[in-house]
Amino acid sequence: MKVIREIDGVREFRRALSGTLGLVPTMGALHEGHLSLVRAALDECDTVLVSIYVNPTQFNAPSDFSSYPRDLDRDLELLTSAGVSAVFLPTDSTMYPDGFAAAVKVSGLADRWEGIHRPGHFDGVCTVVAKLFNLVQPDRAYFGMKDYQQFLVVKQLVLDLNMPLQIIAGPTLRTTDGLAYSSRNVLLSATERARAPQLKAALDEAAREINGGSPVKEATAGAVERLVGNAFNLDYLAHVDGHTLEELAQPAQDARLIVAARLGKIRLIDNIAV
Ligand code: PAF
């Protein structure tokens, strides 16, 4: 596996390729969710490049950035055994050299939910993703559905800026107790880890109730109560349109339940189709 650290190296790598290139952008601390995206990319593309970069501009709390899990040696081993062709490991000064002044913003979609609770987060995501797309020039880029709003925002970015690539969604992968894989899961204490599956269980219960004819308001209130009773501190739990993320008071096709909540200091997000 080729390890590329510089912009020129990515450009050279791209120029030498024929066939399709798949990009899996990550912030490292790889887990099964990332690896399933890598496998999908390997199945569908001639060459796969994975980027690992803990992007400082998308963190709105400095402590979240500094505590974000990092395990580069293990990541490189996993990607080598998976059969990835190249990994791009830029530094901060490569991505944001002195004088860097640009920003990419998607309005509307990005202003809702995560956008409210993590101001500036999606500007950071869109800026770094746009840079990665410009540098790597992939034919396809792979994003996990656990970050559902991110997936929609990136699709909008690509559509609006006429970027010549396809955004592919990979399903949310879960541990056997239902917790969605996330790099931040390793930061949970043993007690928090034991409670964390309640997040998905609460969404499942609310979805069952909505599908069984209960009013949306009652079903979501029940899920909130269950989570609060399990020591979660909620940012939001909502029943939304799966395309616009607008809140829906009535059941609808393509509706989703989305949630963001903290267990102790660790913020978890999840979503399911209803
Ligand atoms: O989902 C992530 O890990 C990050 O937001 C991404 C897409 C790699 C951009 O930094």
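Preceding this paragraph is the structure being described.
Residues numbered from 1 in each chain as written. Predicted model: local features only at pLDDT ≥ 70, side-chain atom pairs only at ≥ 80, totals over all residues. Heavy atoms only, no water.

Student: Help me out: how do you make sense of the nonpolar core in this one?
Tutor: Generally speaking, soluble globular proteins have nonpolar side chains that are buried together. Residues Leu49, Val129, Phe133, Phe143 and Ile167 are the most contacted members of the largest nonpolar core, which totals 46 residues. Within the residue set of this core, elements represented by two or more residues are α1 (7-15), β2 (21-26), β4 (86-88), α7 (121-136), β5 (140-144), α8 (148-160), β7 (232-241) and β8 (255-263). For this core, the leading source of residues is α7, giving 10 residues. In contact with Phe133, not counting residues within four places along its chain, are Leu23, Pro138, Ala141, Phe143, Val154, Val158, Met163, Leu165 and Ile167. (Core = buried A, V, L, I, M, F, W, Y, C linked by side-chain atoms within 4.5 Å. Buried < 20%, exposed > 50% of the residue type's maximum accessible area, 1.4 Å probe, protein only. Helix = DSSP H or I, 4+ residues; strand = E, 2+ residues; numbered from the N terminus. Contact = heavy atoms within 4.5 Å.)

Student: Would you explain the sheet that holds β2 in this entry?
Tutor: By way of backbone hydrogen bonds, the strands of a sheet pair with one another, either parallel or antiparallel. Spatially, β1-β4-β3-β2-β5-β6 is the arrangement adopted by the six strands of the open sheet, whose pairing is parallel. Each having just a single partner strand, β1 (2-4) and β6 (166-170) make up the two edges of the open sheet. This sheet shows a mean twist of 25 degrees between the axes of neighbouring strands, independent of strand direction. Where β5 lies against β6, five bridges are found, and the strand directions are parallel. Within β6, the position partnered with Gly144 by the bridge is Gly170. Here α7 sits on the sheet in contact with β2, β3 (47-52), β4, β5 and β6, set at roughly 150 degrees to β2. (Pairing = 2+ DSSP bridges. Axes fitted to C-alpha atoms, helices over the stretch in contact; angles between N-to-C directions.)

Student: Teacher, can you tell me more about the sheet that holds β7 here?
Tutor: The strand order across the open sheet built from three strands is β7-β8-β9, with neighbouring strands paired in antiparallel fashion. Strands with a single pairing partner mark the edges of an open sheet, and in this sheet they are β7 and β9 (266-273). The average angle at which neighbouring strand axes cross in this sheet is 10 degrees, direction not considered. The pairing of β7 with β8 spans nine bridges and is classified as antiparallel.

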